[in-house]
Amino acid sequence: MSPRDLKDVLRHLIVLERVERAPSHYRARLIGTGLTAMAGDHTGKMLEEVVPAQHVPRWVECCDLILDGGQPMRFLGRVHLEGKEYLDAENLFVPLANDSNEPTFAMGLCRYTPRRTQNEESWESQIAAVPGALL
């Protein structure tokens, strides 16, 4: 896979690198321009520096699940950035290995859309209808 293969979605990508384990710590290695326009450019910074403190454990646990499980994961949720609370989030994260073939990077394709109106079925209702779904 090369950047050319991803050219249509590069602006929506984030790559997080696990730089420490037990406990895990992550650094933002790449943040696409579509994401920096929404949340600012935090490339090179640690998650603890840019994610609100109450959300850091959730981000770390999700990244650990992706890397330790070796499987892609899709996350649905709401944006918790001041002034952006009207957005819903849909993110697909995949594990990537380093040069030693160790899972070290979590690459995410992030999509943010305005929250649906009260008349439309919410994603919580949709996912709750899936047998065995986790909320």
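Before reading on, note that the structure itself is shown above.
Reading guide: rules and limits
- Residues numbered from 1 in each chain as written.
- Predicted model: local features only at pLDDT ≥ 70, side-chain atom pairs only at ≥ 80, totals over all residues.
- Heavy atoms only, no water.
- Helix = DSSP H or I, 4+ residues; strand = E, 2+ residues; numbered from the N terminus.
- Buried < 20%, exposed > 50% of the residue type's maximum accessible area, 1.4 Å probe, protein only.
- Contact = heavy atoms within 4.5 Å.
- Areas by Shrake-Rupley, 256 points an atom, 1.4 Å probe, with all protein chains shown as cover.
- Pairing = 2+ DSSP bridges.
- Axes fitted to C-alpha atoms, helices over the stretch in contact; angles between N-to-C directions.
- Polar contact = N/O pair within 3.5 Å; in protein donor to acceptor, adjacent residues only side chain to side chain.
- Phe/Tyr/Trp six-rings, centres within 6.5 Å; stacked < 30°, edge-to-face > 60°.
- Salt bridge = Lys/Arg side-chain N within 4 Å of Asp/Glu carboxyl O.

Q: Is there a simple way to think about the overall build of the protein chain in this case?
A: When helices and strands are counted, the protein chain shows four helices and five strands. Secondary structure elements in the protein chain, listed N-terminal to C-terminal, are β-β-α-α-α-β-β-β-α. Within the protein chain, the proportion of its 135 residues that are buried is 30%. Sequence-distant contacts in the protein chain: of pairs separated by 6 or more residues, those separated by 24 or more amount to 41%. As displayed, the protein chain offers around 8900 Å² of accessible surface, 53% of which is attributable to carbon and sulfur atoms.

Q: I tried to follow unusual backbone geometry on my own but got confused; where do I start?
A: Across residues other than glycine, the phi torsion is negative in most instances, and most of the peptide bonds are trans. Each neighbour pair has its own omega, and for Ala 22 with Pro 23 the value is 0°, a cis peptide bond. Here Pro 23 shows up in the loop between strand 1 (13-20) and strand 2 (25-31). The backbone of Ala 22 shows a phi angle near 55°, a positive value even though the residue is not glycine. By the secondary structure assignment, Ala 22 is in the loop between strand 1 and strand 2. Residue Ala 22 is classed as exposed on the basis of its relative accessible area, which comes to 77%.

Q: What am I meant to see in the sheet that holds strand 1 here?
A: Sheets are built from strands that pair by backbone hydrogen bonding, the pairs being arranged parallel or antiparallel. Taken together, the five strands give an open sheet; going across it, the order is 2-1-5-4-3, and neighbouring strands pair in antiparallel fashion. Every interior strand has two partners, whereas the edge strands, strand 2 and strand 3 (73-78), have only one. Across this sheet, the average inter-strand angle for adjacent strands is 25°, counted without regard to direction. As paired strands, strand 1 and strand 2 are joined by six bridges and run antiparallel to one another.

Q: What should I look at first to understand the side chain of Thr 104 in this one?
A: Topologically, Thr 104 is positioned in strand 5 (residues 103-114). Side-chain polar atoms of Thr 104 contact the backbone oxygen of Glu 102, separated by 2.9 Å. Once residues within four sequence positions are removed from consideration, Thr 104 is found in contact with Leu 16, Glu 17, Arg 18, Leu 67, Leu 96, Ala 97 and Asn 98.

Q: Is there a simple way to explain the packing of aromatic side chains in this structure?
A: Note on aromatic pairs: each is described by the distance of the centres and the angle between the planes. Taken as a whole, this structure holds one aromatic pair when the rule is applied. With centroids separated by 6.2 Å and ring planes inclined at 75°, the aromatic side chains of Phe 75 and Phe 93 adopt a geometry described as edge-to-face. Residue Phe 75 is located in strand 3, and its partner Phe 93 is located in strand 4 (residues 87-97); the two are separated by 18 residues in the primary sequence.

Q: Before we go on, may I ask you to explain the pattern of salt bridges in this structure?
A: Pairing between side chains becomes possible if they bear opposite charge and their charged atoms approach one another. Taken as a whole, this structure holds seven salt bridges when the rule is applied. Arg 18 is the salt-bridge partner of Asp 64, the closest N and O atoms lying 3.1 Å from each other. One end of the pair, Asp 64, is in helix 3 (residues 56-69); the other, Arg 18, is in strand 1, and 46 residues separate them in sequence. Across this residue pair, the class does not change: Asp 64 and Arg 18 are buried.

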